[in-house]
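Fold and geometry: a report
Here's the letter readout for the chains.
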Amino acid sequence: MPSNEWLLITVGAILVNNVVLSRILGICPFLGVSKKLETALGMSGAVTFVLTISSFVTAVLYKLLLSAEITICGITVDLSFTKFLVFIVVIASLVQIIEILLRKFAPPLYQALGIYLPLITTNCAVLGAAELNAGANNGLGRGILESTVFGFATGLGFGLALLLFASLRERLELSMIPRPFRGTAIALVTAGILAMAFMGFSLLVK
Amino acid sequence: MTTTFLAAVCVVGLIGLILGCLIAFTAKKFDVETDPKVDKVREMLPGANCGGCGFAGCADLADAVVNHGVSPGRCTVLSASGLKAISAFLGVEAEEKEKMVAVVFCGGSLSRAARKAQYNGIMDCRSANVAGGGGKACSYGCIGYGCCARACPFGAIEMRDGLAVVHPEVCRGCGKCISVCPRGLIRLVPASVKIHVYCSSADKPAARRKVCAAACISCGKCIRADGQGRVVKQENGTIRINNENPPDVSLAETAGCPTGALQTEEAHRALQSISPEDSKK
């Protein structure tokens, strides 16, 4: 694969088709853990971590099992329609296993990411990345390495959006906001403006 | 059609089974044994995670108490009975400690302190302190934008008429407010001391009077009325109650403080009426 393809995947996932601000995925943690920059940083780390690993695992599953045509007793079946079901189950179990392993082998990392990991179990950004990987190239799916890179870049994009948003919200805490707008209302307005700002990146890749 | 259906059920079912076994296996194989004692002690701690003990949170303190012999008394929030319960659970001697509460040493509410400017910046004491010190004229007193009230994990600090007032019955003495106050007005004092001089100004007495009706003008009336060294003048000119040997609360009346800076804790609170501007916030 030419090197500019890799750049396209990475920049595309981080800026142009940002998972939160352009694809509107993973809004729950985006609004939920963006009150403090510190927690936002922990969440970004956890999401990037899980996204990378889950993209790899789901890509392997999709390539080898679901999109491959299996022949049973002379009849060929295409199982790619079960991808959502399989991805959800796989991602949820994967997060569980990662949590157990982290706790055992990397306690400092577990301390930093521990409380966020269970939250990601059902995060739609993680499922979204897996689905986008599977749906790329007209349903053939991306290659395994490309999928992993895409997952990692999607995580970075999520982190970027979350950290920007958390900084804005920390600043908003101290501002004089009209009473009806305080709290979630102004947060949603801010998210909208941030998403509009990210629309400026849409011409970055032709 | 039927084959596809059956194959889908089989594959998804199989994947589920494999994953289930995998989780069960890893959970059993890589289980981290936690000390049940630590969990028990953590449950007995207040669970506010305020960090007043110097550890990262209640779980951290529980671990230190059980495994490293740290006294549960390190927790500033723990009630006496709670401390006894933990000590009994661990089989160690409970140490007596006096309950400490925070006091904001300022009486300059909006109706008493003179104003020098209209402040329209960020409504935060630390920001206001950088940008000219907020709206009040006194450069030592409470700025009144509620930094401490927001920092308090227990909701013990109330903003009344632009002045931070601590409710000692709610305050647990964790000391979070002390570090956020840019003017350093908050101190921890024993809860048994019920009378204070609510002023921290180090200006010349005449200058203090000019900017605040409730300022202590260091006239020394209370020191003379007491006469036993239970009220002391500090180096910078402010007068303080001697917390080790506090005078009776009746001193607030007998001393005849000309500005009302010397107040019992209760009278000080009652004095700051809640203005309509504050209740709106």
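Coordinates for the structure precede this section.
The written sequence of each chain sets the order in which its residues are numbered from 1. Written order decides the labels, with chains lettered from A and ligands numbered from 1. Whole-chain, interface and lining totals are the exception, using all residues; otherwise, since this is a predicted model, local features are given only for residues with pLDDT of at least 70 and side-chain atom pairs are given and counted only at 80 or more.

Quick look at the overall build of chain A
Applied cut-off: Here a helix means four or more residues in a row that DSSP labels H or I, a strand means two or more in a row labelled E, and each is numbered from the N terminus. Whether two residues are in contact is decided by their C-beta atoms, placed from the backbone, lying within 7 Å.
Of regular secondary structure, chain A possesses 9 helices and 2 strands. Going residue by residue from the N terminus, the α and β elements of chain A occur as α-α-α-β-β-α-α-α-α-α-α. In chain A, the proportion of contacts linking residues at least 24 apart, taken out of those at least 6 apart, comes to 79%.

Concerning the interface of chain A and chain B
Going by this rule: Charged means Asp, Glu, Lys or Arg here, nonpolar means Ala, Val, Leu, Ile, Met, Phe, Trp, Tyr, Cys or Pro, and polar covers whatever is left, Gly included.
Counting residues at the interface gives 20 residues for chain A and 19 residues for chain B. The set of elements that each furnish at least two residues to the side of chain A that touches chain B consists of β1 (70-72), β2 (75-77) and α4 (83-105) of chain A. Classifying every residue of the side of chain A that touches chain B gives 14 nonpolar, 4 polar and 2 charged.

What to know about helix α7 (residues 124-139) of chain A
Residue and element names in this part refer to chain A. Counted only if it meets this: One less than the number of residues in a helix, times 1.5 Å, gives the span that helix is expected to have. One axis fitted to the seven residues ending at a residue, another fitted to the seven starting there: the angle between these axes is the bend at that residue. The exposure label follows from counting other C-beta atoms within 10 Å of a residue's C-beta, where the C-beta atoms are placed from the backbone and the thresholds are 20 or more for buried and 12 or fewer for exposed, leaving partly exposed in between.
Between its first and last C-alpha atoms α7 spans 20 Å; for 16 residues at 1.5 Å apiece the expected length is 22 Å, and the helix comes up short by more than 12%. Taken as a whole, α7 carries its principal kink of about 25 degrees at L132. Residues A125, V126, L127, A129, A130, L132, N133 and A134 constitute the buried set of α7. Against the buried residues of α7 lie α3 (37-66), α4, α6 (117-120) and α8 (144-173). Two residues or fewer after α7 comes G141, characterised by a positive phi angle close to 90 degrees.

Points about unusual backbone geometry
Despite not being glycine, D161(B) has its phi angle at roughly 50 degrees, a positive value. Its place among the elements puts D161(B) in the loop between β2 (157-160) and β3 (163-166).

Details of the environment of S34(A)
All names here are of chain A. Mapped onto the secondary structure, S34 falls in the loop between α2 (27-32) and α3. For the pair S34 and A166, spaced 132 residues apart in sequence, the C-alpha to C-alpha distance is 4.5 Å. When neighbours within four sequence positions are excluded, S34 is seen to be in contact with A40, L162, F165, A166 and R169.

Observations concerning the pairing of strand β1 (residues 100-104) of chain B
With 5 of 5 residues buried, β1(B) lies mostly within the body of the structure. The alternating pattern of β1(B) places M100(B), A102(B) and V104(B) and V101(B) and V103(B) on opposite faces, both of which are buried.

Looking at the packing of α3(A) against α4(A)
All names here are of chain A. Rule in force here: In this description, a line fitted to the C-alpha atoms serves as the axis of each element, helices being fitted only across the stretch in contact, and the angle between N-to-C directions of two axes falls anywhere from 0 to 180 degrees. Note on angle classes: values under 35 degrees are labelled roughly parallel, values over 145 roughly antiparallel, values of 65 to 115 roughly perpendicular, and the remainder oblique. Take the far helix as the reference: if the near one is turned anticlockwise from it by less than a right angle, the crossing is left-handed, and if turned clockwise, right-handed.
With their axes 10 Å apart at the nearest point, α3 and α4 run at an angle of 140 degrees to one another. Between α3 and α4, the angle is such that the two are oblique. α3 and α4 meet at a crossing whose hand is right-handed. Side by side, α3 and α4 meet where V50, I53, S54, V57, T58, L61, Y62 and L66 of the first sit next to K83, V86, F87, V90, I91, L94, V95 and I98 of the second.

Concerning the environment of R172(B)
Inspection of the secondary structure assignment puts R172(B) in the loop between β3 and α7 (176-180). Among the residues examined, R172(B) registers 23 C-beta atoms within 10 Å and is labelled buried.

Considering the packing of α3(A) against α8(A)
All names here are of chain A. Where α3 meets α8, the closest approach of the two axes is 8 Å, and the angle between their N-to-C directions is 160 degrees. Taken together, the axes of α3 and α8 are roughly antiparallel relative to one another. When the axes of α3 and α8 are compared, the crossing they make is right-handed. Looking at side-chain class alone, the contact of α3 with α8 contains 17 nonpolar, 12 polar and 2 charged residues.

Thoughts on the pairing of β3(B)
Keep this limit in mind: Strand pairing is defined by DSSP finding a minimum of two bridges between the two strands.
With burial as the criterion, each face of β3(B) is covered, one bearing L163(B) and V165(B) and the other bearing A164(B) and V166(B). Hairpin connection, β2(B) to β3(B): the antiparallel pair is bridged by 2 residues, and D161(B) has positive phi, about 50 degrees.

Brief notes about the nonpolar core
Put simply, the rule reads: Residues enter a nonpolar core if they are buried, belong to Ala, Val, Leu, Ile, Met, Phe, Trp, Tyr or Cys, and are joined to the set through C-beta atoms within 7 Å.
Membership of the largest hydrophobic core comes to 54 residues, with the highest contact counts inside it found for A46(A), V47(A), V50(A), I91(A), I120(A), V126(A) and L162(A). Of all the secondary structure elements, the ones that give two or more residues to this core are α1 (3-16), α3, α4, α6, α7, α8 and α9 (184-199) of chain A. The dominant element in this core, judged by the number of residues it contributes, is α3(A), at 13 residues. Each residue touching L162(A), except ones within four places of it in the same chain, is listed here: F30(A), S34(A), A40(A), M43(A) and S44(A). Ranked by size, the runner-up nonpolar core spans 52 residues in total, among them M100(B), V101(B), V189(B) and L251(B).

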